[in-house]
Amino acid sequence: MKNNKNLFKCLAVIGGLLISAGAWALTEEEKKALCKTPKILGFNLPEYSQDNKVEVPPESEIHFTISGWTDINTLVVKAKNEKLPLTIENKNLFYKISTKLPASLNGKFVRVNVDAKAEFGCRGSDGWLLKVANSGQAAEPVPVPEAAPSAEAPQVAAEPKVDATQAVDQTPKAAEPEKENSAPVQ
């Protein structure tokens with residue numbers, strides 16, 4: 001009989017723990033109320049807009065940060081629906097994300113999209129429109145060497161070259177005294 005009482009007490013304690021554990025569990029509505037969406041900050045490239053028509057260099061590095069409560073396994077960064085390879089650095093309170101624009105996007109308009117879930121499942125996303133310069137436009141012009149004068153070409157006096165890096169003296173020069181028109185006095 002004594003064993004039955006101990007067994008009954010043990011089952012009562014286990015049942016009470018199971019009931020209280022269920023009371024402490026969060027419902028889906030409570031999870032959504034507590035959920036914080038991932039914050040995406042510090043995008044390093046200038047966004048293209050009607051007021052800001054800035055082009056970014058081809059194959060530019062992209063850097064941004066995302067909040068520490070992000071489920072980093074769900075982070076996806078795409079450019080023109082092409083998934084970009086990521087370098088993720090954990091900074092404890094946030095993650096520093098780095099990637100690079102593919103060479104195939106040179107000379108195109110590109111929408112960079114970031115999508116991730118938080119630990120409780122809330123989804124956060126952001127994106128930026130970029131105009132990538134053509135790789136041909138980004139290259140600096142190659143200086144053309146001056147041709148040596150040939151014997152057939154007529155020699156023309158060259159204009160003096162002005163070095164734009166030196167300051168130009170713009171102080172007025174003293175006026176030369178005017179020559180008097182001297183007519184014979186009669």
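Treat the numbers as computed from the prediction; the structure is a model and nothing was measured.

Parameters at a glance
Every residue gets a number counted from 1 within its own chain, in the order that chain's sequence is written. Per-residue local features are limited, in this predicted model, to residues with pLDDT of at least 70; the limit for side-chain atom pairs, both in listing and counting, is 80 or more; totals at the level of whole chains, interfaces and linings are taken over all residues. Hydrogen atoms and water are omitted, and side-chain values are computed over all heavy atoms in the structure. Aromatic contacts are taken between Phe, Tyr and Trp rings whose centres are within 6.5 Å, Trp giving its six-membered ring; a plane angle under 30 degrees counts as stacked, one over 60 as edge-to-face, and the others as tilted. Counting from the N terminus, the helices are DSSP H or I runs at least four residues long and the strands are E runs at least two residues long. Relative accessibility decides the category of a residue: with a 1.4 Å probe and only protein chains considered, values under 20% of the type maximum give buried, values over 50% give exposed, and everything between is partly exposed. The rule is short: NZ of Lys or CZ of Arg within 6 Å of the ring centre and within 35 degrees of the ring normal puts a charge over the ring. For two strands to pair, DSSP has to find at least two bridges joining them. Looking at any residue, its pLDDT shows the predictor's confidence there, from 0 to 100. Note on contacts: a residue pair is in contact if any heavy atoms of the two residues lie within 4.5 Å.

Time to look at the packing of aromatic side chains. Counted under the stated rule, the structure contains 3 aromatic pairs. Taking the centre distance of 3.8 Å and the plane angle of 10° together, the rings of Phe 43 and Trp 128 count as stacked. Of the two residues, Phe 43 is situated in the loop between strand E1 (40-41) and strand E2 (55-56) and Trp 128 in strand E9 (residues 123-132); the sequence distance between them amounts to 85 residues. A relative accessible area of 8% places Trp 128 in the buried class. Ring centres 5.1 Å apart and planes at 75° place the aromatic pair Tyr 48 and Phe 109 in the edge-to-face group. Residue Tyr 48 is located in the loop between E1 and E2, and its partner Phe 109 is located in strand E8 (residues 109-118); the two are separated by 61 residues in the primary sequence. Residue Phe 109 is classed as partly exposed on the basis of its relative accessible area of 40%. Among the aromatic residues, those joined into a cluster by ring pairs are Phe 43, Phe 64 and Trp 128. The ring centre of Trp 69 lies 4.1 Å from the NZ or CZ of Lys 36, which sits over that ring. Lys 131 extends its terminal NZ or CZ atom over the ring of Phe 109, reaching a point 5.3 Å from the ring centre.

Right, let's get into the sheet that holds E8. The strand order E2-E9-E8-E4-E5 describes an open sheet built from 5 strands, whose pairing is mixed. Strands with a single pairing partner mark the edges of an open sheet, and in this sheet they are E2 and strand E5 (82-83). Note that E8 and E9 share 9 bridges and pair antiparallel. Among the inter-strand pairings, Asp 115 is bridged to a residue of E9, identified as Ser 125.

Attention now goes to the confidence of the model for the protein chain. With 60% of its residues at a pLDDT of at least 70, the protein chain reaches an overall mean of 76. Low confidence marks residues 138-145, where pLDDT is under 50. Its contacts with residues over four positions away, or in another chain, come to 1 contact. Note that residues 147-173 has pLDDT below 50 and, in this model, 3 contacts with residues that lie over four places away or in other chains.

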